[in-house]
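Residue-level structural notes
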Amino acid sequence: MNKTTVDAAATLEQELNKFYEKYRKTAVRFGYSYQRESISIGALPCVLFMGNHSSGKSTLINHLLGGAPVQDTGVAPTDDGFTILIYGEEESDAVGLSALSLLPRENGKLTAFGPNFLNKFKVKVRNREILKRVVLIDSPGMIDSLEETTSRDYDFFGAVHRMAELSDLVLFMFDPDKPGTTGEAIVALTGPLVGMSFKLRILLNKCDLFQNVADYARAYGALCWNLAHAMPIKDLPKIYSCYVPQPGCAPRIGTDAGIDALHQIEDEIRNSGERRSDNVLAAAHKDFSCLSLQMRMILRLRESFKGCRMNLLFGSLILFFAVTGAAYFTLTGRFLRENPTGLVTWIVYLSIGAIALLTAWGAFLFSRKVLRVYRENALAHLDELFEKEYADELVQETRDDLRQYWELVKGGIRNAFDPSRSPLRIPFFATQKLQDVQAVVKRLES
Ligand SMILES: Nc1nc2c(ncn2[C@@H]2O[C@H](COP(=O)(O)OP(=O)(O)O)[C@@H](O)[C@H]2O)c(=O)[nH]1
Ligand SMILES: [Mg+2]
């Protein structure tokens with residue numbers, strides 16, 4: 001990248017950081033947590049390697065690094081954690097928090113995945129040329145059956161989502177052995193990687209293993225079939241059919257095509273710096289769109305709770321005055337007209353007071369119960385409320401992104417109203433704040 005592009009990228013990153021800073025408190029008050037706490041100005045682009053185990057992720061990384069292999073390779077699953085490779089004159093390895101401290105600040109939120117994640121989280125500092133341009137991230141191989149995912153002792157898909165968010169290019173690798181049939185791969189494509197197709201590249205690796213064209217066509221077809229089910233997009237993404245030459249391998253078909261595809265991917269990796277600006281902008285747009293969505297829905301819910309509370313208050317007051325009034329007229333009419341002695345008067349007024357207190361207490365308990373049921377009902381039907389609130393925007397075909405953002409924030413909205421948590425401290429002028437965040441989204445779009 002030339003100097004002007006680097007300066008423009010740094011200016012953009014500073015500008016975005018100002019937005020992140022300005023609305024940090026508002027986000028906390030509405031229970032929203034930024035995907036990226038802040039942008040590390042001038043940080044290198046990241047390339048994430050994903051795919052089922054033994055698809056050749058580590059082999060491709062070693063090929064890019066050149067020289068002695070850095071990552072372990074083999075047909076058995078070798079890694080259960082993420083490994084980040086960064087540049088440094090002095091080579092070293094670090095694990096856990098000390099590994100995290102070697103990375104830019106924007107990675108800080110990875111601590112949220114807990115000690116089981118961190119114990120397997122490695123950073124390798126290596127003095128290799130390519131690492132001066134990009135950061136490479138090797139990920140644990142996706143395993144075969146969905147049941148096996150329970151053996152992961154940390155939120156694997158959450159970590160995949162966070163790593164992919166931080167990356168500027170995501171390579172998803174398949175091999176002829178498992179062309180898109182791995183349980184975790186399908187879950188990753190349908191969940192944590194949704195909305196990231198712009199930086200996702202699909203690789204059908206190990207093409208040197210195909211015996212003939214029919215063999216290749218079968219694997220390619222199977223991959224397309226599985227991708228079509230896993231990825232909610234109309235057009236299939238481009239599939240790079242490639243291989244990393246191995247000692248003794250003798251490709252029978254597509255020798256040059258496989259190497260060409262590998263070179264294309266290598267170029268994309270080397271030039272991923274040009275994507276970083278697009279990526280940080282896209283991430284900021286997503287963050288502020290989600291924040292504005294969360295704020296609007298929380299304000300809408302709060303308004304409807306307030307309406308319900310007002311109705312209950314009004315109803316309780318009517319009940320209170322009706323019952324107390326009826327008690328007053330009945331008791332005074334029945335006992336005080338005929339026998340207005342001091343003691344009887346006392347008893348009558350005490351009884352009216354007791355009836356008034358009981359009515360107020362009963363109305364309070366009833367209102368509390370109704371309000372709880374109303375709240376639970378509203379939270380159970382959040383999707384309908386969202387469809388109603390955003391009806392105008394959703395009829396426009398181009399607003400598919402809204403539904404994706406909604407999937408990301410609705411858990412947070414539910415949590416925000418969880419009675420076991422401390423209630424939200426919505427700021428005064430909340431509507432003005434919402435308009436400000438919406439203006440940020442508009443600005444990022446322009
Ligand atoms: N024939 C062939 N073998 C490969 C290729 N890429 C990787 N391998 C082999 O596949 C095995 C698993 O590779 P590895 O990089 O450990 O896979 P990972 O689990 O995805 O990291 C190793 O024995 C590699 O030598 C390739 O393009 N062609
Ligand atoms: Mg590996």
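The structure we're discussing is the one just above.
Quantities reported herein were computed from a predicted structural model and do not represent experimental measurements. (Residues numbered from 1 in each chain as written. Chains lettered and ligands numbered in written order. Predicted model: local features only at pLDDT ≥ 70, side-chain atom pairs only at ≥ 80, totals over all residues. Heavy atoms only, no water.)

Once that is clear, we can look at the site of ligand 1. Lining the immediate environment of ligand 1, one finds 17 residues, of which Ser54, Lys57, Ser58, Thr59 and Asp208 sit closest. In the environment of ligand 1, an oxygen atom lies 2.8 Å from a nitrogen or oxygen atom belonging to the side chain of lysine 57. Take serine 58: an N or O atom from its side chain is 2.8 Å from an oxygen atom of ligand 1. Within the complex, 87% of the 570 Å² of free accessible area of ligand 1 lies under protein. Among the detected pockets, ligand 1 sits in the second largest pocket. (Near = heavy atom within 4 Å. Polar contact = N/O pair within 3.5 Å; in protein donor to acceptor, adjacent residues only side chain to side chain. Areas by Shrake-Rupley, 256 points an atom, 1.4 Å probe, with all protein chains shown as cover. 1 Å grid on protein atoms, 1.4 Å probe; cavity = no way out; pocket = protein on both sides within 12 Å on 5 of 7 lines; lining within 4 Å. Sits in = over half its atoms within 2 Å of the grid points.)

Moving on, we get to the pairing of strand β4 (residues 122-126). When you tally the buried positions in β4, you get 4 out of 5 residues, the bulk of the element. With 5 bridges connecting them, strand β2 (residues 83-87) and β4 associate as parallel partners. Across the sheet, the residue bridging to tyrosine 87 is arginine 126, located in β4. Bridge count for strand β3 (residues 92-95) against β4 is 4 bridges, and the pairing is antiparallel. Within β4, the residue paired with serine 92 across the bridge is valine 125. (Buried < 20%, exposed > 50% of the residue type's maximum accessible area, 1.4 Å probe, protein only. Helix = DSSP H or I, 4+ residues; strand = E, 2+ residues; numbered from the N terminus. Pairing = 2+ DSSP bridges.)

This paragraph deals with the packing of aromatic side chains. In the structure shown here, the tally under the stated rule is 24 aromatic pairs. A ring pair is formed by phenylalanine 113 and phenylalanine 117, whose centres lie 5.4 Å apart and whose planes are at 50 degrees; its orientation type is tilted. With respect to burial, phenylalanine 113 and phenylalanine 117 carry one shared label: buried. Here tyrosine 328 and tyrosine 349 contribute two aromatic rings whose centre-to-centre distance is 6.4 Å and whose plane-to-plane angle is 45 degrees, an arrangement assigned as tilted. Taken together, the residues tyrosine 328 in helix α10 (residues 273-336) and tyrosine 349 in helix α11 (residues 342-380) connect sequence positions 21 residues apart. Given a relative accessible area of 33%, tyrosine 328 falls into the partly exposed group. In this structure an aromatic cluster arises from ring pairing among Phe82, Phe113, Phe117, Phe121, Tyr154, Phe156 and Phe157. Arginine 296 extends its terminal NZ or CZ atom over the ring of tyrosine 390, reaching a point 4.0 Å from the ring centre. (Phe/Tyr/Trp six-rings, centres within 6.5 Å; stacked < 30°, edge-to-face > 60°. Lys NZ or Arg CZ within 6 Å of the ring centre and 35° of its normal.)

It is worth spelling out the sheet that holds β3 at this point. Reading across the sheet, the 8 strands line up as β3-β4-β2-β5-β1-β6-β7-β8 and stay open at both edges, with mixed pairing between neighbours. Since the sheet does not close on itself, it has two edges, and those belong to β3 and β8 (239-241), each with one partner. Neighbour-to-neighbour, the strand axes of this sheet turn through a mean angle of 20 degrees, independent of strand direction. Sheet analysis places strand β1 (residues 46-51) next to strand β6 (residues 169-174), joined by 5 bridges and oriented parallel. Its bridge partner being in β6, leucine 48 is matched across the sheet by valine 170. Along the sheet, helix α6 (residues 156-166) contacts β1, β2, β5 (135-138) and β6; its crossing angle with β1, the most-contacted strand, is approximately 145 degrees. (Axes fitted to C-alpha atoms, helices over the stretch in contact; angles between N-to-C directions. Contact = heavy atoms within 4.5 Å.)

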